[in-house]
Amino acid sequence: MNYRRLIPNSISSASLIFGILSIFKTIQGDFFYAPIFIVIAVIFDSLDGRAARALGVGGGDFGKEMDSLCDMCSFGVAPAIMIYQFGLQELGVLGQVIAALFAVGGCLRLARFNCNTGVVHGYFQGMPIPAGACFLAAYVLSGYQFSAAVTAAMTLVIAVIMYSNVRFPDFKGKGNPMYKLPVIIALAIGAVMLFERPGAWPFVCMFTYTVAGIINHVYRAVTGKNK
């Protein structure tokens, strides 16, 4: 048995644990720690791959499968339950379905990512599921209280762009799918939001990141650029 594999797998397990803790906090109506635990799960998720590469045990099928299953719980199911309890309950069954669609979008994103690992390089095809989870977590923490209809629309948009061809940078220095104009427009929108509510900067950052990807996708389609 290669005991070095226990370290990255333990880190993945920690991500799963915090995802489950987030669900428990949502059930308790604690909308401070519920999103905080999702963010902590994201941090652990970002470390397991690095630990595996540092220890020379990366690339194993078991680790990949475990990572995806942990991601599905922590970044698909936990945020779906949280956003329903936080802002979709008044929509009843429709709100439940919309929250569930967020988890479905994340599941499709993970499955496609696993299939296209050796094909797509230099960018993320669709919003990564941890980013989608962080978007909802940041919204819950932000102090914004959108109507159920707006929250539903926002949740659906994130669900759709997770399983879309919208390109997002992977921040690994292997290429940048973003063009300057869309980024400038998104940053201007973010700056206005930040000026109005400085304390909501985590949500503003996630909103800007999301809007930049969407505007960039439209820009590529309109200009016919393909990068």
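Quick note: structure is the one above.
Residues numbered from 1 in each chain as written. Predicted model: local features only at pLDDT ≥ 70, side-chain atom pairs only at ≥ 80, totals over all residues. Heavy atoms only, no water.

A. Representation of the packing of aromatic side chains. In the structure shown here, the tally under the stated rule is 15 aromatic pairs. The interplanar angle of 85 degrees and the centroid separation of 5.0 Å between the aromatic rings of Phe-32 and Tyr-33 together place this pair among those described as edge-to-face. Taking 5.5 Å as the distance between ring centres and 50 degrees as the angle between the ring planes, the aromatic pair formed by Tyr-179 and Tyr-219 counts as tilted. Placement of Tyr-179 in the loop between β2 (167-169) and α7 (180-196) and of Tyr-219 in helix α8 (residues 201-223) is noted, with a sequence separation of 40 residues between them. Relative accessible area serves as the criterion here: at 15%, Tyr-179 is assigned to the buried category. Through a chain of ring-to-ring contacts, the aromatic side chains of Phe-31, Phe-86, Phe-135, Tyr-139, Tyr-144, Phe-146, Phe-203 and Phe-207 assemble into a single cluster. Just above the ring of Tyr-144 sits the side chain of Arg-197; from NZ or CZ to the centre is 4.3 Å. (Phe/Tyr/Trp six-rings, centres within 6.5 Å; stacked < 30°, edge-to-face > 60°. Helix = DSSP H or I, 4+ residues; strand = E, 2+ residues; numbered from the N terminus. Buried < 20%, exposed > 50% of the residue type's maximum accessible area, 1.4 Å probe, protein only. Lys NZ or Arg CZ within 6 Å of the ring centre and 35° of its normal.)

B. Spatial organisation of the packing of helix α3 (residues 61-88) against helix α4 (residues 93-115). Between α3 and α4, the shortest axis-to-axis distance is 9 Å and the interhelical angle comes to 160 degrees. If you check the angle between α3 and α4, you find them roughly antiparallel. Between α3 and α4 lies a crossing of right-handed hand. Across the interface between the two elements, Ser-68, Asp-71, Met-72, Phe-75, Gly-76, Val-77, Pro-79, Ala-80, Ile-83, Tyr-84 and Leu-88 of α3 pack against Gly-95, Gln-96, Ile-98, Ala-99, Phe-102, Ala-103, Gly-106, Cys-107, Leu-110 and Asn-114 of α4. (Axes fitted to C-alpha atoms, helices over the stretch in contact; angles between N-to-C directions. Parallel < 35°, antiparallel > 145°, perpendicular 65-115°, else oblique. Left-handed = near helix turned anticlockwise from the far one by under 90°. Contact = heavy atoms within 4.5 Å.)

C. Geometry of a nonpolar patch on the surface. Taken together, the side chains of Val-93, Val-97, Leu-101, Val-104, Leu-108, Leu-156 and Tyr-163 make up a nonpolar region of the molecular surface, amounting to roughly 570 Å² of accessible area. Structurally, Leu-101 can be placed in helix α4. The exposure class assigned to Leu-101 is partly exposed, which follows from its relative accessible area of 38%. (Patch = residues over 30% accessible without salt bridge, like charges linked within 9 Å, V, L, I, M, F, W, Y side chains within 5 Å. Areas by Shrake-Rupley, 256 points an atom, 1.4 Å probe, with all protein chains shown as cover. Salt bridge = Lys/Arg side-chain N within 4 Å of Asp/Glu carboxyl O.)

D. Inspection of the side chain of Arg-112 at higher detail. Relative to the elements of secondary structure, Arg-112 occurs in helix α4. Among buried Asp, Glu, Lys and Arg side chains, Arg-112 stands out as unpaired, with Asp-71 the closest opposite charge at 14 Å. Within polar-contact distance, the side chain of Arg-112 engages the backbone oxygen of Ser-164 at 2.5 Å. In contact with Arg-112, other than residues within four places in its own chain, are Gln-125, Gly-126, Met-162, Tyr-163, Ser-164 and Asn-165. (Lys, Arg positive; Asp, Glu negative; His and termini not counted. Polar contact = N/O pair within 3.5 Å; in protein donor to acceptor, adjacent residues only side chain to side chain.)

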